[in-house]
Amino acid sequence: MEDIHKTLKHSLESLGQKHTHLMAAFCLYGAYTVGSTALSWSWRLFKTFLRPGRNLFKRYQGGYVLVTGATFGLGLEYARQFADKGFNLVLVARNQEKLDGVKRKFKEEFGDIDIKLIVFNFDKPYTAEGYQPLKDALDQIEDISVLLNNVGVFKADYFKELDFGMIKTILQVNLVPQTIMPKFLLPKLLERSKEQGKRTVIINISSVIHYARRKCSSVCSATKCLVRLFQMC
Ligand SMILES: NC(=O)c1ccc[n+]([C@@H]2O[C@H](COP(=O)([O-])OP(=O)(O)OC[C@H]3O[C@@H](n4cnc5c(N)ncnc54)[C@H](OP(=O)(O)O)[C@@H]3O)[C@@H](O)[C@H]2O)c1
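The rules behind each value
Starting from 1, residues in each chain are numbered consecutively following that chain's sequence as written. Thresholds applied to this predicted model are a pLDDT of at least 70 for local features of residues and 80 or more for the giving and counting of side-chain atom pairs; totals over whole chains, interfaces and linings are not thresholded and use all residues. UniProt positions are given in the numbering used here, feature names are shortened, and annotations may be inferred rather than shown by experiment. The numbering of helices and of strands both runs from the N terminus, where a helix is a DSSP run of H or I of at least 4 residues and a strand a run of E of at least 2. A residue is called partly exposed when the number of other C-beta atoms within 10 Å of its own lies between 12 and 20, exposed at 12 or fewer, and buried at 20 or more, with C-beta atoms placed from the backbone. By definition, a nonpolar core groups buried Ala, Val, Leu, Ile, Met, Phe, Trp, Tyr and Cys residues that connect through C-beta atoms lying within 7 Å of each other. C-beta atoms are placed from the backbone for every residue, and two residues are taken to be in contact when these atoms lie within 7 Å. Paired strands, as defined in this entry, are two strands with at least two bridges between them according to DSSP. The axes used here are C-alpha line fits, helices contributing only the stretch in contact, and every angle between their N-to-C directions lies in the interval 0 to 180 degrees.

- Here the protein chain is described in UniProt, under the heading Sequence similarities (unreviewed entry), as follows: "Belongs to the short-chain dehydrogenases/reductases (SDR) family."

### Here's the deal with unusual backbone geometry
Inference 1: Although it is not a glycine, Q61 sits at a positive phi angle of roughly 50 degrees.
Inference 2: With respect to the helices and strands, Q61 occurs in the loop between α3 (56-59) and β1 (64-68).
Inference 3: Of the residues examined, Q61 has 14 C-beta atoms within 10 Å and is grouped as partly exposed.
Inference 4: One non-glycine residue, D143, lies in the positive phi region at around 65 degrees.

### What about the nonpolar core?
Inference 1: In terms of nonpolar packing, the biggest core is built from 29 residues, with V65, L66, V67, A70, A79, L89 and L91 touching the most fellow members.
Inference 2: Looking at this core, the elements that each hand over two or more residues are β1, α4 (73-84), β2 (88-93), α5 (96-110), α6 (128-139), β4 (144-149) and α7 (164-195).
Inference 3: Leaving out residues up to four positions away in the same chain, L66 has contacts with V90, V92, I144, L147 and L148.

### What to know about the sheet that holds β2
Inference 1: Pairing in this open sheet of five strands is parallel, and the strands run β3-β2-β1-β4-β5 from one edge to the other. In this open sheet, the two strands that pair with only one neighbour each are β3 (115-119) and β5 (201-204). Each adjacent strand pair in this sheet contributes to an overall mean axis angle of 15 degrees, direction not counted.
Inference 2: Where β1 lies against β2, five bridges are found, and the strand directions are parallel. Its bridge partner lying in β2, V65 is registered against L89.
Inference 3: On the sheet, α5 packs against β2 and β3 and is oriented at approximately 170 degrees with respect to β3.

Now the structure itself:
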């Protein structure tokens, strides 16, 4: 470091600069900033695109992956990816027929995994009685290793256009499951990790809209901010 500093100082002196110490310090700081930024981006690129994926089944020693909103969209795909790795599944959504259809399809695709279904509509007022059936169903399931809180609604509309029903739905579906599912499952997850020495994880799906200050998604963006902040605490 000292050599570099001397060389830089010498080069600047030879250029006839005044305040050579200051200039050399600026150059070093610039080189450090460029170097560390380049290293950090290279590491991110490597992690995202080049590093081989982890063996999740081995890491979490199997168990059940619980996915909310699992009959369509991202939830369905997450469930498929976990099933493909050999995990058992607990699928939660509103519609029994759709859940049966997904179960049938996954059984054909992935054979011997166990799939449990929970029919529950998160679009309901948040009361202890209302959520009791969900809690009862969850209490009966052992060995949950991954909670994937995916369910959520998105409505792109100006705030003045959203009616009371839609605001209520966005708040209920985007906020309550994200906080109440960990509340219900945390004791089981902790027991699995502390007493059985097996890893567990909670994944909450937020969205890039939590960054976006867009007038046409104000309520949805705000709910996704909560999801992001909640999981950082
Ligand atoms: N799609 C995107 O581009 C995107 C981008 C960023 C983040 N996200 C986030 O990713 C998550 C999934 O998004 P998505 O677009 O895949 O959602 P989606 O296509 O609308 O999927 C909806 C799923 O949730 C279930 N569901 C809907 N309302 C429900 C309710 N009240 N109670 C229980 N289940 C309900 C539906 O099943 P039933 O109809 O059978 O109940 C279905 O399985 C959301 O949290 C979203 O904010 C999505």
